[in-house]
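The residues making up each chain are set out below.
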4 protein chains.
Amino acid sequence: MKKKYFRQQEDAPAPLRCRVDRVVRFEEVDALAIVWHGRYPSYFEDGRVLLGEKYGLGYMDFYRHGVIAPIKQMHVDYRLPLSFGEPFTIEAILHWADATRLNHEFILRNEAGEVTTTGYSVQLLMDQEQNVLLLPPPFYNDFRQRWLAGELV
Amino acid sequence: MKKKYFRQQEDAPAPLRCRVDRVVRFEEVDALAIVWHGRYPSYFEDGRVLLGEKYGLGYMDFYRHGVIAPIKQMHVDYRLPLSFGEPFTIEAILHWADATRLNHEFILRNEAGEVTTTGYSVQLLMDQEQNVLLLPPPFYNDFRQRWLAGELV
Amino acid sequence: MKKKYFRQQEDAPAPLRCRVDRVVRFEEVDALAIVWHGRYPSYFEDGRVLLGEKYGLGYMDFYRHGVIAPIKQMHVDYRLPLSFGEPFTIEAILHWADATRLNHEFILRNEAGEVTTTGYSVQLLMDQEQNVLLLPPPFYNDFRQRWLAGELV
Amino acid sequence: MKKKYFRQQEDAPAPLRCRVDRVVRFEEVDALAIVWHGRYPSYFEDGRVLLGEKYGLGYMDFYRHGVIAPIKQMHVDYRLPLSFGEPFTIEAILHWADATRLNHEFILRNEAGEVTTTGYSVQLLMDQEQNVLLLPPPFYNDFRQRWLAGELV
């Protein structure tokens, strides 16, 4: 009964995924010795950055093409706490979107495999003057073509 | 055309509000010299803490009564960036809820009065063993009675 | 018996000072409910930024003149802890230096006036290519002339 | 011509060392796209925590024995900047001390092997009421005996 953050058309290509392994750091926990709620965007970013590196969609890739991809929306659902020293995984999932936007979902799990936290972020592609790109840049189109063609895993 | 984060019954008492004045700190901006998206939960917390102090709903108030109020959901909508040194305001708004939960809305505005960021958080009241409180504790009931009676401003 | 961080010549002009009033934020404390040691550089910066604004030595002032002032050394002595919600003050003190460098001292005090933390930072002036400026830029010379002349308070 | 942070007696056992491999994260850089000076205590902690785990001197080890080891002094020397995405290493070095204190040195190096940052931290052992322990606890004595006997590598 996991909540669905993004509605998907039936013929959309399968989402792209990657996983980061992490341990809760001392500075990340609060007075209750659990991770402070405001650190999770940082965990999400770790997943998004790794996925970006894997598929050529990182901060620097965009930068090289004169594009920025600011986050327009972020959401976190907190289910179970994480404690100092606890190992956990961050799964980042990029869902297909027909529009020029990046829809990431995030799933954190503890060592027992329980889902502790879920969430999502939405990014738009913009030029350096913060105008939304209506026509996606060539490198991004190439990426989408390869995704559609099933060449990305 | 502001998005409504919480649906409200017509006879609910008016929400409680407070405002924090802030300036963007150097360590809060990223390589583009705008506030990194992951810092906004911290801005929201500044508003929530001030509202909590004003109405006796702070971390320490809950703690004194053996109650914790963990954040179960957080959402941010990013509209305009904030830059280093830029003054801005954080408005925190507590909406009435029939259930034992705290529904906060947040509105950030720049010096020109433009809304730069909005969002919300949802908290449940729990005992120290992380069991949801179905019956709200007396101090919290008193607070709600005064709110209903129009005694809070 | 306060430790002296910077040796001073007898004829140096009196140091410049300013004070920031702060309260410990929830996200700044650790599992022991005291401020995590790594947050103090952030407190020091609050003091340094305010002093910079007061005397035209802020990040943006340097930037406008094509100068950067990277921190080359930082030191913290921890004497007493600070707890969540505790009010404290940050005193920033700029000491005179014959060389082209900024020597700041920091003194934090709790509500009882006890010194909780002290420290210092050292900055060099550089051009945008990170070459140390041997000849200080005109705006910085003006600042020093006014300081020597006793015009700054 | 590396600066010596801790003077060492000739017959002291060799220091204990470990190394963490890291990459600069986006949220760690400032408006100049280099790591903000105030993040380095966090890098140092990564090294100290790993060394602590390796030799049974971690936060939780101390906690289990009713001991805390607050940081009393921290120092950073900044030599070269680190940029977003740049890989670097954190070497943590625990130096022998006759007194009941933990003297850690830290050396950060970039991919070219250049030293970018050095520093140190000093910790005292205390009981839960923040009284300095003059007689070290048994688990800590055992650790020191094994170190002296050359059993630790």
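Because the structure is predicted, anything quoted here is derived from the model rather than measured. (Residues numbered from 1 in each chain as written. Chains lettered and ligands numbered in written order. Predicted model: local features only at pLDDT ≥ 70, side-chain atom pairs only at ≥ 80, totals over all residues.)

## With respect to the overall build of chain A
What chain A contains, in helices and strands, is three helices and seven strands. Taken over the C-alpha trace, chain A has a radius of gyration of 16 Å; the compact-globule value for 153 residues is 15 Å, and the two agree within 12%. When its C-alpha atoms are laid out on the principal axes, chain A stretches across 50 × 35 × 20 Å. Here the analysis covers contacts within chain A between residues at least 6 apart in sequence; of these, 69% occur between residues at least 24 apart. (Helix = DSSP H or I, 4+ residues; strand = E, 2+ residues; numbered from the N terminus. Rg over C-alpha atoms; globule rule 2.2 N^0.38 Å. Contact = placed C-beta atoms within 7 Å.)

## Remarks on the interface of chain A and chain D
Across the contact, eight residues belong to chain A and eight residues belong to chain D. Of all the secondary structure elements, the ones that give two or more residues to the side of chain A that touches chain D are α1 (40–55) and α2 (59–64) of chain A. The element best represented in the side of chain A that touches chain D is α1(A), accounting for three residues. Within the side of chain A that touches chain D, the residues separate by chemical class into four nonpolar, two polar and two charged. (Nonpolar A, V, L, I, M, F, W, Y, C, P; charged D, E, K, R; others polar.)

## Remarks on unusual backbone geometry
Despite not being glycine, Ala33(A) shows a phi value in the positive range, around 65°. Examined against the element boundaries, Ala33(A) turns out to sit in the loop between β1 (16–23) and α1. For Ala33(A), a count of 17 C-beta atoms within 10 Å puts it in the partly exposed group. Notably, Gln130(B) is not glycine yet its phi reads approximately 65°, a positive angle. Mapping Gln130(B) onto the fold places it in the loop between β7 (126–127) and α3 (138–148). (Buried ≥ 20, exposed ≤ 12 C-beta atoms within 10 Å, placed from the backbone.)

## Some remarks on the relation of the copies chain A and chain B
Between chain A and chain B, the superposition needs a rotation of 180° and an axial shift of 0.0 Å, giving an RMSD of 0.0 Å. Interpreted geometrically, this transformation is the action of a two-fold axis. Across chain A, the rotation axis passes nearest the C-alpha of His75(A), at a separation of 2.2 Å. A share of 100% of the interface residues of chain A reappears at the interface of chain B, consistent with the copies meeting face to face through the same patch. (Least-squares fit on C-alpha atoms with pLDDT ≥ 70 in both.)

## Re the environment of Gly56(A)
All names here are of chain A. Following the sequence through the fold, Gly56 ends up in the loop between α1 and α2. Overall, Gly56 belongs to the partly exposed group, with 16 C-beta atoms counted inside 10 Å. Along the sequence, Gly56 and Val153 sit 97 residues apart, while their C-alpha atoms lie 13 Å from each other. In contact with Gly56, other than residues within four places in its own chain, are Asp61 and Phe143.

## Some points on the interface of chain A and chain B
The partner chain B presents 14 residues to the 14 residues of chain A that form the contact. Secondary-structure elements contributing two or more residues to the side of chain A that touches chain B are α1 and β3 (71–78) of chain A. With eight residues, the top contributor of residues to the side of chain A that touches chain B is β3(A). The class makeup of the residues in the side of chain A that touches chain B is six nonpolar, five polar and three charged.

## Some details on the relation of the copies chain A and chain D
Once turned by 180° and shifted 0.0 Å along the axis, chain A lies on chain D with an RMSD of 0.0 Å. Most of the interface of chain A is mirrored in chain D, where 100% of its interface residues are also at the interface.

## Topic: the nonpolar core
The nonpolar side chains of a soluble globular protein tend to be buried, and buried together. Counting residues in hydrophobic clusters, the biggest one holds 62 residues, and the most contacted among them are Val29(A) and Val29(D). The contact partners of Val29(D), leaving out residues within four places of it in the chain, are Asp30(B), Ala31(B), Val24(D), Ile34(D), Val35(D), Trp36(D), Ser83(D) and Phe84(D). Counting residues in each nonpolar core, the second largest holds 61 residues, with Leu51(B), Tyr140(B), Phe26(C) and Ile71(D) among its members. (Core = buried A, V, L, I, M, F, W, Y, C linked by C-beta atoms within 7 Å.)

## Examining α1(A)
Here α1(A) is 16 residues long and its end C-alpha atoms lie 23 Å apart, about the 22 Å a rise of 1.5 Å per residue gives. Positive backbone phi, approximately 70°, marks Gly56(A), located one or two places after α1(A). (Expected span 1.5 Å × (residues − 1).)

## Concerning the confidence of the model for chain A
All names here are of chain A. Of all residues in chain A, 98% have pLDDT values of 70 or greater, and the mean over the chain is 93. Summarising per-element confidence for chain A, the mean pLDDT is lowest in α2 (87) and highest in strand β4 (residues 87–95) (98). Across the interface, the model reports ipTM at 0.95; the global pTM reads 0.94. (pLDDT = per-residue confidence, 0-100.)

## Things to note about the sheet that holds strand β6 (residues 115–124) of chain C
Strand order across the open sheet formed by 10 strands is β1(C)-β4(C)-β5(C)-β6(C)-β3(C)-β3(D)-β6(D)-β5(D)-β4(D)-β1(D), with antiparallel pairing between neighbours. Pairing within the sheet leaves two strands with one partner each, and these edge strands are β1 (16–23) of chain C together with β1 (16–23) of chain D. In this sheet, adjacent strand axes meet at a mean angle of 15° when their direction is disregarded. With nine bridges connecting them, strand β5 (residues 101–110) of chain C and β6(C) associate as antiparallel partners. Residue Arg109(C) lies in a different strand from β6(C), and its bridge partner there is Val115(C). Sheet strands touched by helix α1 (residues 40–55) of chain C: β1, β3 (71–78), β4 (87–95), β5 and β6 of chain C. Its angle to β1(C), the strand with the most contacts, is close to 130°. (Pairing = 2+ DSSP bridges. Axes fitted to C-alpha atoms, helices over the stretch in contact; angles between N-to-C directions.)

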